[in-house]
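# Notes for the structure review
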Amino acid sequence: MKKLLLIPMVMTTLSMAEGYNQGDRILDMQKMAQAMQDIQAGFFYNNIDIVKDGVKVLSATIEKVRPIDAEVNNKDIYEQWLNNDLKMTNKIRKKIIRRAKDIEERFESGDAVQALQAYGNITEQCLKCHVRLRKW
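For the structure given in this document, a descriptive report is provided here. None of the values given here were measured: they were computed from a predicted structure. (Residues numbered from 1 in each chain as written. Predicted model: local features only at pLDDT ≥ 70, side-chain atom pairs only at ≥ 80, totals over all residues. Heavy atoms only, no water.)

## Some thoughts on the packing of aromatic side chains
One pass over the full model with this rule turns up two aromatic pairs. Ring geometry for Phe43 against Phe107: centres 5.2 Å apart, planes inclined by 45 degrees, an arrangement best described as tilted. Of this pair, Phe43 sits in helix α2 (residues 22-45) while Phe107 sits in helix α6 (residues 85-108), and the two are 64 residues apart along the sequence. Assessed through its relative accessible area of 14%, Phe43 is described here as buried. Relative accessible area serves as the criterion here: at 9%, Phe107 is assigned to the buried category. Arranged with centres 5.7 Å apart and planes meeting at 75 degrees, the rings of Phe43 and Tyr119 form a pair that is edge-to-face. Linking Phe43 in helix α2 with Tyr119 in helix α7 (residues 112-132), this pair joins segments that are 76 residues apart in sequence. Looking at Tyr119, the relative accessible area reads 12%, which means it is buried. Three or more aromatic residues joined by ring pairs make a cluster, and in this case those are Phe43, Phe107 and Tyr119. (Phe/Tyr/Trp six-rings, centres within 6.5 Å; stacked < 30°, edge-to-face > 60°. Helix = DSSP H or I, 4+ residues; strand = E, 2+ residues; numbered from the N terminus. Buried < 20%, exposed > 50% of the residue type's maximum accessible area, 1.4 Å probe, protein only.)

The structure is reproduced here in structure tokens:
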């Protein structure tokens with residue numbers, strides 16, 4: 001009897017759950033901006049723990065970022081080709097994750113200059129997304 005009640009409840013919950021929307025994206029962007037500020041603060045205070053925490057938050061948050069459902073569900077093939085959102089987002093995501101690991105490894109080993117260069121590369125990837133995909 002419990003299974004008969006549980007199945008409709010689960011189905012209702014799943015059908016009401018929304019996908020990734022603009023509000024989710026904004027929250028993720030705010031988290032990533034804060035993580036970048038934390039990494040920068042870790043550089044200024046020469047504190048590897050602050051840098052590691054910032055890298056951890058940045059890496060976890062960038063994993064969730066993707067095109068919103070309205071962009072993914074666009075049926076116009078020409079617009080999909082023009083936007084190319086999913087492919088570009090995945091490419092940028094991989095580069096940011098790789099550079100975040102570089103920051104942590106290089107700063108921990110004492111090479112702050114290379115860590116700062118990796119930080120600059122992450123900022124470059126952020127701007128690339130905002131200029132090309134978000135139409136800034």
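## Some words on α7
Note on helix geometry: an α-helix contains 3.6 residues per turn, so any two residues three or four positions apart are oriented the same way. Along its 21 residues, α7 runs 30 Å from first to last C-alpha, staying within 8% of the 30 Å computed at 1.5 Å per residue. Turning to α7, its buried residues number three or more, namely Ala115, Ala118, Tyr119, Ile122, Gln125, Cys129 and His130. Buried residues of α7, viewed axially, fall in a sector of 135 degrees; they line one side. Turned more than 90 degrees away from the buried face of α7, the exposed residues are Val113 and Arg132. (Expected span 1.5 Å × (residues − 1). Arc of directions from axis to C-beta.)

## Considerations on the pattern of salt bridges
Oppositely charged side chains can form a pair if their charged atoms are brought close together. Summed over the entire model, instances satisfying the criterion amount to three salt bridges. Close ionic contact of Asp28 with Lys64 constitutes a salt bridge, the shortest N to O distance being 3.6 Å. Of this pair, Asp28 sits in helix α2 while Lys64 sits in helix α3 (residues 48-64), and the two are 36 residues apart along the sequence. Here Asp102 makes a salt bridge to Arg99, at a shortest N to O gap of 3.3 Å. One end of the pair is Asp102 and the other is Arg99, both in helix α6 and three residues apart, which spans about a single turn. Assessed through its relative accessible area of 16%, Asp102 is described here as buried. Overall, Arg99 belongs to the partly exposed group, its relative accessible area being 27%. (Salt bridge = Lys/Arg side-chain N within 4 Å of Asp/Glu carboxyl O.)

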